[in-house]
Amino acid sequence: MLGQGIAKGLLQTARNLVATYVDKDRLPTIEYPEERQKLPEATRQFPFLVHDGDDPSKGLRCVACQICEKECPPKCIYIVKSKDKRVDYKGQTQFYPAVFDIDVSVCMSCQICVEVCPFEAIKMDTAFEFSTPDRFGALLLDKHRLAKSAAHYREIHPADAAESDAVMAAESAKAEAKAKGDAEAKAKAAAAKLAAVPNVSPEAQLPPPNSGSDSPTMPM
Amino acid sequence: MSLPAAASHAIRARLDAEGNASGGDQLEVAMGPQHPSTHGVFRMDVVLDGETVVKLKPVFGYLHRNHEKIAEGTSYLGSMPYTDRLDYFCSLTNNWAYALAVEKLAGLAVPERAEYIRVITAELTRLQNHTSVCGFLLQDMGALGTPLMWAFRQREKVLDLVESLTGARMMCNYMRFGGCRCDLPPGWIAQARVLVDEYPRFLEEFEALLSGNEILMARTQGVGRLPAALAVAAGVTGPMLRASGVDHDLRKVDRYGIYDRFQFRVPLGDHGDVFDRYMIRVLELRESLGILDQALRDIPPGPVIDPKAKLRGFRPKAGEAYGRIESPKGELGFYLVSDGGPNPYRYRVRPPSLINLTILEDMCLGHSVADAVVILGSVDIVLGEVDR
């Protein structure tokens, strides 16, 4: 009979309409700016730079190795390596990024920079409300706007942050052990030399700590 | 019946080289590229005799993004997020096809758990793709709003799951060469189980609303027939080919991944018309639910990535490989040639949407303009993949 389909369809939709009042599943929309959905932990939007301690200008983990710049598929990262070295949060002498820009209007949130970073220095943020009337400058984030504390990272991605902290702890323990071993070996060598040539002061013989362990191998 | 698509851009047809348009009785109409029924920026140049299509020329390339050439200039890993953007409804299957090709090239093994995760995510992708394409098809027939919104409401649930696993709803960038990027988050399998258990309820409702509907049957049965011989000759794959009655599903033919472990059937059509193509997708949804059910039950613990797989400095040895999978739209293949460098020497995508689209004129001839819209909807194209 003609029109039967319409009647059946209307019955289905009417059922659905009634159900929206009783079943949360039937009314999945929320009033966005007032009401916010809890995002899953894995959510990723744009990268940020992790810094330890309170001072973002001193505590950046980034050593300007430029691996992320090279691997970034849309090439939205721009890094200028510093001319000088400075002592980082671990007490090692490292380069630091003189300029670190990310153009978030180009970034496609793919997370590859995070995966390739050997220093746990760049991570994905969950902030997404970046709308701005400024067409050019506002979406080009410099290192001051990108820097966020490790505490922030632990807050937004607790599980990942725990893993990352463990990796860092293991690495610094390894580095310390190596440095200690190196220093002991050098001290021994120096002492042996000292014994042979008694009129040279021991300070002059000791090399600066951890030299040679800071520049990473570049991917080719 | 009104002519929704002919309302704009109608011009008097000129006599073409073959002399097809005659005496000014025929109209040449450009449908698209901004027309909502074309699923993106796609144009159909149709020649109409009254309301009947006598000639149709698909015009595409508006969304060309140079995907293949970009991939030849970036590292193997760097192309992975770009594959998300081919068929942006099914980024996880795109990832899988590309990962499969690279794994063949580099000889990487995939751990068992990662294989299961790949099957689960691919079938979830199939669920949401087929669900939304059914909604879109109904939209093309003039059922504005309700079916599409219902389909999208259900699709959102799948996307929520995908988001909690990969961090993104559509641009997942999840698979890596030799496995997957990360393990399933705690509680994910239970959530997926709930979704799989609840899905049939949605399907029953959707079918009660639509499948037996007389308007739907009148608009789709006998419309846009594609004979099996023609489909095979044109290289059509996926649900379109199976709707024409050809039993060809790469999950059965190639048994890539671990598909040989699952029990599922391949639904086939009889007539190869739009109705069959719609029904094939609805039936495939049920089969996908079956596969998901088995995969969620059997998934073993273990690592999710081959420890030999390198993220940086990845250089497969010189050679070539073709990896193909059954994406929700058909055979999605990646052909890679390596010269031993960090970038592929040649990178080629075999996009199912594009090849299924080439047969459009043969299906549309003799039907009305409104039917041409429905036939295009039943092909299930995504312009990101057609144009690349």
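Note that this is a predicted model, so its numbers are computed, not measured. (Residues numbered from 1 in each chain as written. Chains lettered and ligands numbered in written order. Predicted model: local features only at pLDDT ≥ 70, side-chain atom pairs only at ≥ 80, totals over all residues. Heavy atoms only, no water.)

(A) Quick peek at the overall build of chain A. Regarding its fold elements, chain A presents eight helices and eight strands. Expressed as a percentage of its 220 residues, the buried residues of chain A come to 35%. When contacts within chain A are restricted to residue pairs at least 6 apart in sequence, long-range pairs at least 24 apart make up 68% of them. Working note: accessible area of chain A is about 13,500 Å², and carbon and sulfur atoms make up 60% of it. (Helix = DSSP H or I, 4+ residues; strand = E, 2+ residues; numbered from the N terminus. Buried < 20%, exposed > 50% of the residue type's maximum accessible area, 1.4 Å probe, protein only. Contact = heavy atoms within 4.5 Å. Areas by Shrake-Rupley, 256 points an atom, 1.4 Å probe, with all protein chains shown as cover.)

(B) The arrangement of the interface of chain B and chain A in detail. Taken residue by residue, the interface counts 35 residues in chain B and 34 residues in chain A. Here chain B packs against chain A, burying approximately 2,700 Å² in sum over the two surfaces, 50% of which is carbon and sulfur. Close ionic contact of A:Glu115 with B:Arg176 constitutes a salt bridge, the shortest N to O distance being 2.8 Å. In this assembly, chain B and chain A are joined by eleven residue pairs in polar contact (both at pLDDT 80 or more). Only helix H2 (80-84), helix H5 (146-166), helix H6 (188-210) and helix H7 (214-220) of chain B provide two or more residues apiece to the side of chain B that touches chain A. With eight residues, the top contributor of residues to the side of chain B that touches chain A is H5(B). The class makeup of the residues in the side of chain B that touches chain A is 13 nonpolar, ten polar and twelve charged. (Buried area = accessible area lost by both parts, 1.4 Å probe. Salt bridge = Lys/Arg side-chain N within 4 Å of Asp/Glu carboxyl O. Polar contact = N/O pair within 3.5 Å; in protein donor to acceptor, adjacent residues only side chain to side chain. Nonpolar A, V, L, I, M, F, W, Y, C, P; charged D, E, K, R; others polar.)

(C) Highlighting the sheet that holds strand E6 (residues 122-124) of chain A. Residues and elements named next belong to chain A. Within the open sheet, the three strands sit side by side as E6-E1-E8. Their pairing is mixed. Looking at strand neighbours, the two that pair on one side only are E6 and strand E8 (147-149), the edges of this open sheet. Shown here is a sheet whose adjacent strand axes are inclined to one another by a mean of 55 degrees, direction ignored. (Pairing = 2+ DSSP bridges. Axes fitted to C-alpha atoms, helices over the stretch in contact; angles between N-to-C directions.)

(D) Region of interest: the pairing of strand E1 (residues 47-51) of chain A. Residue and element names in this part refer to chain A. With five of five residues buried, E1 is to be regarded as a mostly interior element. With three bridges joining them, E1 and E6 adopt antiparallel strand pairing. The residue of E6 that forms the bridge with Leu 49 is Ile 122. The pairing of E1 with E8 spans three bridges and is classified as parallel. Residue Val 50 lies in a different strand from E8, and its bridge partner there is Lys 148.

(E) The packing of aromatic side chains, seen in detail. Scanning the entire structure with this criterion turns up 21 aromatic pairs over all chains. Ring centres of A:Phe46 and A:Phe130 lie 5.4 Å apart, and the angle between their planes is 90 degrees; this geometry places the pair in the edge-to-face category. Separated by 84 residues along the polypeptide, A:Phe46 in the loop between helix H1 (4-19) and E1 and A:Phe130 in the loop between E6 and strand E7 (140-141) bring together distant segments of the chain. Among the residues examined, A:Phe130 registers a relative accessible area of 26% and is labelled partly exposed. Aromatic rings pair up to connect B:Tyr76, B:Tyr98, B:Phe177, B:Phe314, B:Phe334 and B:Tyr347 into one cluster. When the ring centre of A:Tyr96 is taken as origin, the NZ or CZ atom of A:Arg86, which lies over that ring, is 4.2 Å away. (Phe/Tyr/Trp six-rings, centres within 6.5 Å; stacked < 30°, edge-to-face > 60°. Lys NZ or Arg CZ within 6 Å of the ring centre and 35° of its normal.)

(F) A look at the environment of B:Phe314. Residues and elements named next belong to chain B. Its location among the elements puts Phe 314 in the loop between helix H11 (274-298) and strand E7 (319-327). Linking Phe 314 and His 39, residues 275 residues apart in sequence, is a C-alpha distance of 37 Å. Leaving out residues up to four positions away in the same chain, Phe 314 has contacts with Tyr 76, Val 102, Ala 106, Leu 108, Phe 177 and Pro 342.

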